[in-house]
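# A structural walkthrough
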Amino acid sequence: MKKILVATEKPFAKVAVEGIKKIVEDAGFELVLLENYSQKGELMQAVADADAIIIRSDIVDGEVFESAKKLKIVVRAGAGYDNIDLATATAKGVVAMNTPGQNSNAVAELAMGMMVFAARNNFNGLSGTELRGKNLGLHAYGHVGKAVATIARGFGMEIYAFDPFVDKKTIEAEGIHYIDDVNELYKTCQYVSLHMPATAQTKKSINDNLLSLMPKGATLINTARKEVIDEEGLLKMFTERADFKYVSDVEPDCKALIAEKFSGRFYFTPKKIGAQTAEANNNAGLAAARQIVNFFIKNETTFQVNK
Ligand code: 3PG
């Protein structure tokens, strides 16, 4: 019988685990759970006899693949797959997939919530500002960027998007201003929300050159990855621009310095919580389970990311 391991250092909601279990068992497979683990060794042990794994931001590197002797497929229940060593997966003949779009609404709601929180001075009681009529720049326009645009429209924001992989027609068809030069996005928007994956091209790409272009009242919202930020540039922006605020889903490495010097101008979640809702866990977790069943039964490889 095939063993499907759910390995989540940050567990799914209970309802999602029950849904995954049902899909897996209805297909005649066995579900094994490894939740809240803290050592890579625990994952390496659990994966040793697994045919498939469902993960979230859990790191699946060369060593993990090495101990996964029977593994055929790893599915990242979520969008970003920078936590999987794709080269090793391919070399070992393991199919890697993600579940695009399944948790994007949860992340988008958090991005909007963080924007409101920053605009209202971290809810400290002092007079803040409104989002209506302000320019919002979406840096990358994938599933999450699109979901943020949908909500931001209801707030009455003016929306701009820059994404080198999405054409002008698609963006304009949704009533969004198309921007083809990233500098223009930062020059135009008081609020910039980041939605790109962490890749060799995007890591440390949000630097002082870009941030310093932002108009007065600049707020950067990061529900993407901390790795896309050039933290030296971020600190420079905090130092040189008293109006600048940064809200981020996960703490930057330089958190202590920011907390010491720039009180009231930032907020960082202690743990990545963008996709941490029952709905998103259900959507992404169940999609991952179905993709695994369809892979084993029908040989389906839609959403494979290491083709
Ligand atoms: C994603 O890439 O899907 C999000 O960052 C969510 O990650 P998580 O499943 O670890 O919360």
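Residues numbered from 1 in each chain as written. Predicted model: local features only at pLDDT ≥ 70, side-chain atom pairs only at ≥ 80, totals over all residues. Heavy atoms only, no water.

Turning next to the packing of aromatic side chains. Throughout the structure, instances matching the rule amount to eight aromatic pairs. Centre to centre, the rings of Phe238 and Phe244 are 5.1 Å apart; their planes meet at 75°, and the pair counts as edge-to-face. Taken as a pair, Phe238 and Phe244 share a single burial class, namely buried. Grouping aromatic residues by their ring pairs yields a cluster made of Phe29, Phe295 and Phe296. Against the face of Phe296 rests Lys2, its NZ or CZ located 5.0 Å from the ring centre. (Phe/Tyr/Trp six-rings, centres within 6.5 Å; stacked < 30°, edge-to-face > 60°. Buried < 20%, exposed > 50% of the residue type's maximum accessible area, 1.4 Å probe, protein only. Lys NZ or Arg CZ within 6 Å of the ring centre and 35° of its normal.)

Next up on the list: the side chain of Ser104. Within the element layout of this structure, Ser104 appears in helix α5 (residues 104-119). Take Ser104: its relative accessible area is 9%, and that puts it in the buried class. (Helix = DSSP H or I, 4+ residues; strand = E, 2+ residues; numbered from the N terminus.)

Before going further, it helps to examine the site of the ligand. Taken together, the residues surrounding the ligand are Lys10, Arg56, Ser57, Arg76, Gly78, Ala79, Gly80, Asn103, Arg225, Lys272 and Ala275. Within the side chain of Arg225, an N or O atom sits 2.8 Å from an oxygen atom of the ligand. Compared with its free state, where it exposes 320 Å², the ligand has 94% of that area covered by protein. Here the residues of the shell around the ligand are counted per class, giving two nonpolar, four polar and five charged. (Near = heavy atom within 4 Å. Polar contact = N/O pair within 3.5 Å; in protein donor to acceptor, adjacent residues only side chain to side chain. Areas by Shrake-Rupley, 256 points an atom, 1.4 Å probe, with all protein chains shown as cover. Nonpolar A, V, L, I, M, F, W, Y, C, P; charged D, E, K, R; others polar.)

Here the chain is described as being made up of domain 1 (3-102 + 277-298) and domain 2 (104-268). When the two sides are added together, the surface that domain 1 and domain 2 hide from each other amounts to roughly 480 Å², 50% of it contributed by carbon and sulfur. Put simply, domain 1 and domain 2 have one salt bridge between them. Asp82 is paired through a salt bridge with Arg225; the nearest N and O atoms lie 3.3 Å apart. For the pair domain 1 and domain 2, the number of links is two residue pairs in polar contact (both at pLDDT 80 or more). Class assignment of the residues belonging to the side of domain 1 that touches domain 2 gives a composition of two nonpolar, four polar and two charged. (Domains from an automatic or database assignment. Buried area = accessible area lost by both parts, 1.4 Å probe. Salt bridge = Lys/Arg side-chain N within 4 Å of Asp/Glu carboxyl O.)

Despite not being glycine, Asn121 has its phi angle at roughly 50°, a positive value. One can find Asn121 in the loop between α5 and β6 (135-139). Take Asn121: its relative accessible area is 19%, and that puts it in the buried class. Even without being a glycine, Ala140 presents a positive backbone phi close to 95°. Examined against the element boundaries, Ala140 turns out to sit in the loop between β6 and α6 (143-154). The class for Ala140 is buried, based on a relative accessible area of 8%.

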